[in-house]
Amino acid sequence: MPDPHQLLHLPITFASSDGVAVHAPMVRATVGSMEMLFVLDTGSEVHILTRELADRVGLPLSEGEDGTDHAGATMPSWSAGTVEMEAAGVALPLADVVVIPAPAPFPGWGVGGILSPQHLRTDAAAVIDLVDDELLLVAGAAGTFDAWLVQRHPELTLLRLARDGRSPTPVVPAAIAPFDDTAAMLNTGGKHTEFDVTVLPKLAPAAVGRLGAGVSGAEVRGSVIGAQTLVVAGASLPVAELALREGMIYPHALVGMDVLRGTVLTCDADPAGAVRWQVPAR
């Protein structure tokens with residue numbers, strides 16, 4: 001079988017335009033006449049642009065419903081419809097774009113928004129390579145992906161994971177040993193790996209503190225406990241400091257960049273499609 005066809009290849013950076021190190025992967029792309037950085041966030045169901053970028057390039061906007069961020073806070077939003085983006089000479093028509101006020105750090109960092117990588121092209125899967133720090137969009141028969149991915153990184157173990165079908169984000173079964181599987185989102189926009197306290201009833205939370213912030217600026221709060229082991233499809237992955245939170249209704253867990261860095265995540269927009277996750281062999 002032929003290898004999948006590569007439609008796009010972009011370097012991933014973890015540094016803002018002014019040199020600040022950030023936890024989330026970012027790529028450079030152009031909207032209108034503006035080339036900026038955009039966060040790759042598999043946890044985002046839609047593409048998001050900042051109001052500041054939308055105004056600078058003159059995007060027509062209509063009022064949207066208030067959105068809810070990772071912290072559970074609401075914020076105003078607008079709809080921009082389909083927005084034409086270009087990266088490395090490749091057209092990326094972004095459908096159903098949502099516009100929000102820029103999170104506080106974004107303007108200084110040169111960040112113009114958040115991309116849902118699995119929705120960048122309807123005819124391609126996104127390969128988020130957090131080993132070689134590159135984003136690829138590839139098209140081809142699903143049966144050709146596995147061998148091609150293994151050929152790219154033979155040192156990694158390939159996990160083929162069934163999505164739960166309820167979300168356009170990559171939500172798959174995962175567990176903290178020795179507990180049972182729960183719905184966990186593989187979330188490149190998240191810094192920490194977080195589980196709801198209700199699915200880990202015997203783990204005692206530590207003092208509650210600030211874990212980070214949502215795009216609204218509202219605090220995400222929880223407790224950080226000691227090292228744990230994440231189990232996914234029989235593979236065991238170390239979590240240096242697991243975060244426990246309350247009120248995570250769905251999904252009940254997020255696997256963040258503390259675990260995803262050094263792995264390769266491949267997914268597309270099909271909620272029923274498999275997620276391919278290449279992890280270090282142990």
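Okay, so let's go over this structure. (Residues numbered from 1 in each chain as written. Predicted model: local features only at pLDDT ≥ 70, side-chain atom pairs only at ≥ 80, totals over all residues. Heavy atoms only, no water.)

**Concerning the overall build of the chain**
Turning to step 1, where the next piece is worked out: In terms of regular secondary structure, the chain is built from four helices and 25 strands.
Turning to step 2, where the next piece is worked out: With the C-alpha coordinates of the chain rotated into their principal frame, the extents come out at 55 × 50 × 35 Å.
Turning to step 3, where the next piece is worked out: Taken over 282 residues, the chain has a buried fraction of 50%.
Turning to step 4, where the next piece is worked out: Of the contacts made within the chain by residues no fewer than 6 positions apart, 61% connect residues no fewer than 24 positions apart.
Turning to step 5, where the next piece is worked out: Counting every atom, the chain has about 12300 Å² of accessible surface; 53% of that belongs to carbon and sulfur.
Turning to step 6, where the next piece is worked out: Treating the 16 positive side-chain charges of the chain as one cloud and the 32 negative ones as another, the clouds have centres 4 Å apart. (Helix = DSSP H or I, 4+ residues; strand = E, 2+ residues; numbered from the N terminus. Buried < 20%, exposed > 50% of the residue type's maximum accessible area, 1.4 Å probe, protein only. Contact = heavy atoms within 4.5 Å. Areas by Shrake-Rupley, 256 points an atom, 1.4 Å probe, with all protein chains shown as cover. Lys, Arg positive; Asp, Glu negative; His and termini not counted. Charge placed at Lys NZ, Arg CZ, Asp CG, Glu CD.)

**Some words on the environment of Thr188**
Turning to step 1, where the next piece is worked out: In this structure, Thr188 sits in the loop between β16 (182-186) and β17 (194-196).
Turning to step 2, where the next piece is worked out: Through-space distance from the C-alpha of Thr188 to that of Gly43 is 6.7 Å; in sequence the pair is 145 residues apart.
Turning to step 3, where the next piece is worked out: With near-sequence residues (within four places) excluded, Thr188 lies in contact with Ala24, Pro25, Leu40, Asp41, Thr42, Ile128, Met257, Leu260 and Leu265.
Turning to step 4, where the next piece is worked out: Here the side chain of Thr188 touches Leu40 through a polar contact of 2.8 Å, landing on its backbone oxygen.
Turning to step 5, where the next piece is worked out: Here the side chain of Thr188 touches Thr42 through a polar contact of 2.9 Å, landing on its backbone nitrogen. (Polar contact = N/O pair within 3.5 Å; in protein donor to acceptor, adjacent residues only side chain to side chain.)

**A closer look at the pattern of salt bridges**
Turning to step 1, where the next piece is worked out: Enumeration over the complete set of coordinates arrives at nine salt bridges.
Turning to step 2, where the next piece is worked out: A salt bridge links Glu134 to Arg152, with the shortest nitrogen-to-oxygen separation between them at 2.6 Å. Here Glu134, found in strand β13 (residues 134-139), pairs with Arg152, found in helix α3 (residues 145-152); they are 18 residues apart in sequence, far enough to count as distant.
Turning to step 3, where the next piece is worked out: What makes Glu134 buried here is its relative accessible area of 14%. (Salt bridge = Lys/Arg side-chain N within 4 Å of Asp/Glu carboxyl O.)

**Description of the pairing of strand β12 (residues 125-129)**
Turning to step 1, where the next piece is worked out: By the criterion of burial, β12 is predominantly enclosed, with five of the five residues buried.
Turning to step 2, where the next piece is worked out: The pairing of β12 with β13 spans five bridges and is antiparallel. By the bridge assignment, Ile128 is partnered in β13 with Leu135.
Turning to step 3, where the next piece is worked out: Counting the residues that bridge the hairpin from β12 to β13 gives four residues, and of these Asp133 lies at a positive phi of roughly 55 degrees. (Pairing = 2+ DSSP bridges.)

**Some details on α3**
Turning to step 1, where the next piece is worked out: Within α3, burial applies to Phe145, Trp148 and Leu149. In an axial view of α3, the angular spread of the buried residues amounts to 100 degrees, which keeps them on one side of the axis. Exposed residues pointing more than 90 degrees away from the buried face of α3 are listed as Ala147 and Gln151.
Turning to step 2, where the next piece is worked out: In this fold, the buried residues of α3 make contact with β12, β13, β14 (156-162), β24 (264-267) and β25 (274-280). (Arc of directions from axis to C-beta.)

**Looking at the sheet that holds β25**
Turning to step 1, where the next piece is worked out: With respect to topology, six strands assemble into an open sheet ordered β1-β13-β12-β24-β25-β14, the strand pairing being antiparallel. The sheet terminates laterally at β1 (5-11) and β14, the two strands that pair on one side only. Mean inter-strand twist for the sheet, computed between neighbouring axes without regard to direction, equals 15 degrees.
Turning to step 2, where the next piece is worked out: The pairing of β1 with β13 spans six bridges and is antiparallel. Looking at β13, one finds that Leu10 is bridged to Leu135. (Axes fitted to C-alpha atoms, helices over the stretch in contact; angles between N-to-C directions.)

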